[in-house]
Amino acid sequence: MAYYRKVGQVPRQRHTQLRGDDGALHYEELMGEEGFSSDSSLLYHRGVPHAVSASEVWELPDLATTANHPLRLIHLTLHDLFDETEAKALDPVTGRRLVLGNGDVRISYVVAGETSPYYRNAIGDECVFVEAGTGVVETVFGVVAYRAGDYVVIPRATTHRWVPAELSRLYAIEGNSHIAPPKRYLSRFGQLLEHAPYCERDLHGPEETFVVEGSEVEVLVKHRGPGPSGIVGTRLTYATHPFDVVGWDGCLYPYTFNIEDYMPITGKVHQPPPVHQVFEGYNFVVCNFLPRKVDYHPLSIPVPYYHSNVDSDEVMFYVGGDYEARKGTGIGVGSISLHPGGIAHGPQPGAVEASIGVHEFDEVAVMVDTFRPLEIGEAGAATDDHAYGTAAARALRG
């Protein structure tokens, strides 16, 4: 996020004194990535930001995974995970259930209506897609509002909490790394280029500070540690409220980006998946497939050709619209398809011929491609239809 922003009170020069109206000195915190060799921001606190008065274990939900072995194509139905009446009592952090994951990224899902605890992910950045619902995310940098279609990108170790205004369906992509726009869309100085499918105007960060008074405030921290998943939780109690920041500036902060502002890239013939990319992390990418005009070659075939992504597992989360290539498979809104490396995939029998002459697609989907095999979490196992992998063969048999 190499786009500079200044919010609230900051001194004229960095690392110099900033005092309040009462003459009290504010405490400067440098929050920086990659050993302070990459993006950073300077935050000015009223209280000492590391004054921890208690530390206890926070028992995380089930993060165990099972290998996709023997190898198969998988269909999961996320809308079967939560009863909406019960979900009203859940929050967007502790209510998450693990769907898929590996050593680089974890994909979780939650339907929630309650305010979350204060939370900090010290493992990596989070990119949370809002399938439905509205609300705000309160952070140490300020408040960002969210709505359906938003990606909410929260940098590693940002203290925040989710405050839904209504029941929210959230698809959480948690990296073990930072998550940012693809490098090929950036200038050597970090500006989004003219051929990029979105620009800085489309990224919405905090506009003002959000100062909260308080003491003995609990923050749930997810961090690296022992155990099969390598991830553990700690409940820290801070002597002063973490949201005591009177000002900050820099290039590191949370922001939202809505898929309505994404400009799909189309061509004369069918375009490969990288043209749909919106973010990247270490060993994974995030893409979105949106309503768009399709190929205009007179002999074009609009649906995807059969393909083998030999280095990746492909996860498609179906959010809205009509999926030309998946008709007859049971896939619909709320579905996930997992197409692992090692098996070719593509349209169902009959979809290729049926697509000829189509001029536009009405579909909304979020795709995550990973460069290490994905394993199945407890929520994935709970919604596996165990039939998708043989759907094409059954269709050919009639």
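Structure first, text after, so check above.
So, how was this worked out
Residues numbered from 1 in each chain as written. Predicted model: local features only at pLDDT ≥ 70, side-chain atom pairs only at ≥ 80, totals over all residues. Heavy atoms only, no water. Helix = DSSP H or I, 4+ residues; strand = E, 2+ residues; numbered from the N terminus. Buried < 20%, exposed > 50% of the residue type's maximum accessible area, 1.4 Å probe, protein only. Salt bridge = Lys/Arg side-chain N within 4 Å of Asp/Glu carboxyl O. Pairing = 2+ DSSP bridges. Axes fitted to C-alpha atoms, helices over the stretch in contact; angles between N-to-C directions.

Draft legend 1. Region of interest: unusual backbone geometry. Between H69 and the following residue, P70, the backbone shows a cis peptide bond with an omega angle of 0°. Within the secondary structure, P70 sits in the loop between β5 (65-67) and β6 (74-77). Positive phi values are uncommon outside glycine, yet F36 reaches one of about 60°. Checked against the element boundaries, F36 lands in the loop between β2 (27-32) and β3 (40-45). The class for F36 is exposed, based on a relative accessible area of 55%. For N283, which is not glycine, the phi torsion reads 70° and is therefore positive. With respect to the helices and strands, N283 occurs in the loop between β20 (277-281) and β21 (284-289). The class for N283 is partly exposed, based on a relative accessible area of 24%.

Draft legend 2. Summary view of the pattern of salt bridges. One pass over the full model with this rule turns up 15 salt bridges. The residue E138 makes a salt bridge to R161 at a minimum N-O spacing of 2.6 Å. You can see E138 sitting in strand β11 (residues 135-139) and its partner R161 sitting in strand β14 (residues 160-164), a full 23 residues away along the chain. Residue E138 is classed as buried on the basis of its relative accessible area, which comes to 10%. Here E363 and R292 are joined by a salt bridge, their closest N and O atoms 3.0 Å apart. Of the two residues, E363 is situated in strand β26 (residues 363-370) and R292 in strand β22 (residues 292-293); the sequence distance between them amounts to 71 residues. Via salt bridges that share partners, R96, R106, E126, E174 and K222 belong to a single interconnected network.

Draft legend 3. Fine view of the environment of P347. Summarising the element assignment, P347 is placed in the loop between β24 (335-339) and α2 (351-355). Between the alpha carbons of P347 and Y306 there is a distance of 6.9 Å; along the sequence they are 41 residues apart.

Draft legend 4. Quick peek at the sheet that holds strand β10 (residues 126-132). Strand order in the open sheet made by the eight strands is β5-β27-β7-β8-β15-β10-β13-β19, with antiparallel pairing throughout. Both edges of this open sheet fall to β5 and β19 (255-258), since each of them pairs with a single strand only. Adjacent strand axes in the sheet meet at a mean angle of 20°, parallel and antiparallel pairs treated alike. In terms of strand pairing, strand β8 (residues 105-112) meets strand β15 (residues 168-175) through eight bridges, oriented antiparallel. Opposite V105, over in β15, you have G175 as the bridge partner.

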